[in-house]
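Structural overview for review
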Amino acid sequence: MLFFVELLVNGLSLGFLYALSALGFVMIFKSSSVLNFAHGELMAIGAFLFLVLSSWANLPIVLAFAFTLIGSFSLGFIIERFFLRPLIGEELIEVIMLTVGLAVMLKGLLLFIFGGDIHNYREFLPKSLSINWGEIGIPSVYVATFVLGIVFLIVFGLFFKYSSQGIYMRSVADNQPAALSLGVHVRRVFALSWAIAALVCAMSGIVLGIINGINVHELSSVGLKVFPVVILGGLDSIGGAILGGVIIGLLETFTGGYVSSSLKEIIPYIVLVFILMVKPYGLFGLVEIERV
Amino acid sequence: MRKFQFHPCGNFKETYDRELTIFETDFGRLWMGIGLVLLFAVIPFISSPYMLYILNTIGIYAIAAIGLNLLIGYTGQISLGHGAFFGVGAYAGAILATRAGFPFWAAVPAAGVITAAVGMVFGIPSVRLKHLYLCIATLAGQFIMEYIFVQWESLTGGADGIIVTNTTLLGLDLGVDRNFYFVVFACFVILTWMAVNLIRTRYGRAFVAVRDNDRAAEGMGIPIFGYKLLSFAISSFYAGFAGALYAYYTMSITPEPFNLWLSIEFIAMIIIGGLGSIPGSVFGAVFIVALNEILSHLTQFLMNLGTGGGVSITIAPLREFVYGLVIILFIIFEPKGLAEVWRIVRSSFRLWPFSY
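Below you will find a few notes about this structure. Within each chain, residues carry numbers counting from 1 in the order of the written sequence. Going through the entries in the order they are written, you letter the chains from A and number the ligands from 1. In keeping with the predicted nature of the model, local features appear solely for residues at pLDDT of at least 70, side-chain atom pairs appear and are counted solely at 80 or more, and the whole-chain, interface and lining totals rest on all residues.

Digging into the overall build of chain B
This is how the line gets drawn: Put simply, DSSP marks the helices as runs of H or I at least four residues long and the strands as runs of E at least two long, and each gets a number from the N terminus on. In this description the radius of gyration comes from C-alpha coordinates, and the expected globular size is given by 2.2 Å times residues to the power 0.38. Each residue is classified by how many other C-beta atoms fall within 10 Å of its C-beta atom, where C-beta atoms are placed from the backbone; a count of 20 or more means buried, 12 or fewer means exposed, and values in between mean partly exposed. A pair of residues counts as a contact when their C-beta atoms, built from backbone coordinates, are within 7 Å of each other.
In terms of helices and strands, chain B carries 16 helices and four strands. Computed over C-alpha atoms, the radius of gyration of chain B comes to 21 Å, within 12% of the 21 Å expected from 2.2 N^0.38 for 356 residues, which places it in the range of a compact globule. For the C-alpha atoms alone, the extent of chain B along its principal axes is close to 60 × 50 × 45 Å. Each of the 356 residues in chain B was classed as buried or not, and the buried ones make up 42%. Counting only contacts in chain B whose residues sit at least 6 apart along the sequence, the fraction spanning at least 24 positions is 76%.

Written as structure tokens, this is what we have:
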């Protein structure tokens, strides 16, 4: 029984990590319908930026965090300006391939600078955040992840539903030419959505880095695990991303605990294929009906 | 003797046959003949063993890249699992050759057919899914295949892999680079000829119609699911064929090479070469293999320069960086790839000195 509860807690925390990393992905998809294969690398950049600022430059944590957020926000702008903007109005396949190229390039760059070793942050989260129920303890990082996830869910949910910028983003994702002709500043929407996404990625990268240590390979493979999560939840649904993350996280830990540890890595992808066959738009995704 | 045909100064085609012809002029036929003579009678005898190794690799990758271009460039179905299909072909060829005792000429096409069947299984999601979703489905396929390569130990030998024996064809020892060169490029010429002709037929035109607008294609009476599946099957056949050749060439296969990175390399080949162009796939394969060799030489050179051991580790990722950069630059500045560059160069020669 204790084993079961442990798995449950581990699964939930892993699930929230996945959910958090899926948020940035959903941001980009919701505002420009681009599948971002460079997601894991964006997270890694955020995590390393924080590492450089907090551990190497020895800035105070709050200041380092703020600078990381500003840095990754501008990085999002830069990526959009130099790589994505020339492709506005081009075929989707080219944009997707561009993000694949971007992923490979950024990964090479990060490996070049930081190497393939695992780096660690110094301890900074207050111990009082952690929760203890008898023999089961939840470390403070997971609690922080949980809180962060909920805050993001509410903030971005409201942003997309009510703010005018959020509505522009949705309109651009839905139909670029129509949004352009109705006077939406498509380039600004793209730039802003990449900047916000890079910011969210940086935060999830930092959280992942606190838990597992910062490693380029690890973070880029988490970036690919985002796909099962967002497909399960529905590509354009923020709530779906969180629920999908939790389900995939639970599934992974329970498979690892009860079935086999080698199947654990692959089970999200098997589920992914199954969902795509049965319910391609996921649990909460917008169903596009297309009839011939 | 019939009249020679030269380049016309405009588009004067009057029949569909003229439009569909492969060689518009007799110059094309002449160059083709010269190219074949060079390929089979000159190059193998003047090349060093190292050069032959590079050429063989180019030949194998070019076959697989043509297959991927039929799927992505002509049918418009993105696949991120081509590297895994290449691996399926390699394993199928190796298993047929060692366990079932198939000779070379039977094992390689059989591996192609087996891979085609596997490819069709992963093509099934394309009934309901379009580009974005299909792309993710094939990514999942890639990971699942990798898992099977490692875990199905009774068949694939697990992480140890398989050693291919019995590598002779008509008494020739295929372990010799020059003998293998003739085999690879004979296959390459036949498969290229098949691909070029395939896209001139009803099937090829249906593929292009599905790519350009699948709803309109269905409206015109093209059963799109059937053609998508067919495209997956043909593309996987090419990948499997090339994979089996690879297994025979390297003589021992392990699961490591057939990872996501290989799939990305194949995609880089067809983007750099030119989507929707058979010569483009070949250009892309040449470019990527050459880039790989240059980068590994460069890495070694820099490693020799740097005396410290730490330098060697930090320079290795340079390769990935350059790869990504090349893909991005081609997509932004020349989305039609090297095939388009080649066309521009050729026509500027033809139009000289009155280019416009």
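A few points about the overall build of chain A
Each helix and strand in chain A was counted, giving 12 helices and two strands. Its helices and strands taken in sequence order, chain A reads α-α-α-α-β-β-α-α-α-α-α-α-α-α from the N to the C terminus. Against the compact-globule benchmark of 19 Å for 292 residues, chain A has a radius of gyration of 19 Å, which places it among compact chains. Put simply, 75% of the contacts in chain A that link residues at least 6 apart link residues at least 24 apart.

Regarding the interface of chain A and chain B
Heads up, the rule is: Three categories are distinguished: nonpolar for Ala, Val, Leu, Ile, Met, Phe, Trp, Tyr, Cys and Pro, charged for Asp, Glu, Lys and Arg, and polar for the others, with Gly belonging to the last.
At the junction of the two partners, chain A supplies 32 residues and chain B supplies 36 residues. Elements with a contribution of two residues or more to the side of chain A that touches chain B: α4 (92-114), α9 (216-233) and α12 (267-278) of chain A. Tallying contributions element by element places α4(A) first for the side of chain A that touches chain B, with 16 residues. When the residues that make up the side of chain A that touches chain B are grouped by side-chain class, the tally is 26 nonpolar, four polar and two charged.

Section: the packing of helix α6 (residues 164-174) of chain A against helix α8 (residues 186-212) of chain A
All names here are of chain A. To keep it simple, the criterion reads: Axis lines are fitted through C-alpha atoms, for helices just across the contact stretch, and the angle between N-to-C directions can take any value from 0 to 180 degrees. Each angle gets one of four labels, with under 35 degrees taken as roughly parallel, over 145 as roughly antiparallel, 65 to 115 as roughly perpendicular, and the rest as oblique.
In contact at an axis separation of 10 Å, α6 and α8 are set at 105 degrees when each is read in the N-to-C sense. Here α6 is positioned roughly perpendicular relative to α8, judged by the angle of their axes. Listed contacts from α8 to Gln165, Tyr168, Met169 and Val172 of α6 are Val186, Val189, Leu192 and Ser193. A breakdown of the residues in the contact of α6 with α8 according to their chemical character gives six nonpolar, two polar and no charged.

As for unusual backbone geometry
With a phi angle near 70 degrees, Met251(B) is a residue other than glycine that sits in the positive phi range. Owing to 14 C-beta atoms within 10 Å, Met251(B) belongs among the partly exposed residues under this scheme.

Comments concerning α8(A)
All names here are of chain A. Note the cut-off: By this rule, a helix spans an expected 1.5 Å times one less than how many residues it contains.
For α8, spanning 27 residues, the distance from its first C-alpha to its last is 38 Å, which sits close to the expected 39 Å at 1.5 Å a residue. When you tally the buried positions in α8, you get 19 out of 27 residues, the bulk of the element. Glycine 213 lies just past α8 and shows a positive phi near 85 degrees.

A closer look at helix α5 (residues 140-162) of chain A
An α-helix turns once every 3.6 residues. As a result, residues three or four positions apart point the same way. Over its 23 residues, α5(A) runs 33 Å from end to end, which matches the ideal 33 Å to within 8%, given 1.5 Å per residue. Within α5(A), burial applies to Tyr142(A), Thr145(A), Gly149(A), Phe152(A) and Phe156(A).

A word on the environment of Pro223(B)
Residue and element names in this part refer to chain B. Residue position: proline 223 is located in the loop between α10 (214-219) and α11 (224-250). Its 13 C-beta neighbours within 10 Å are what place proline 223 among the partly exposed residues. Between the alpha carbons of proline 223 and phenylalanine 149 there is a distance of 34 Å; along the sequence they are 74 residues apart.

Some points on the environment of Leu20(B)
All names here are of chain B. Checked against the element boundaries, leucine 20 lands in helix α1 (residues 16-20). Classification of leucine 20 as partly exposed rests on a count of 14 C-beta atoms within 10 Å. Here the alpha-carbon distance between leucine 20 and tryptophan 105, two residues 85 residues apart in the chain, equals 32 Å.

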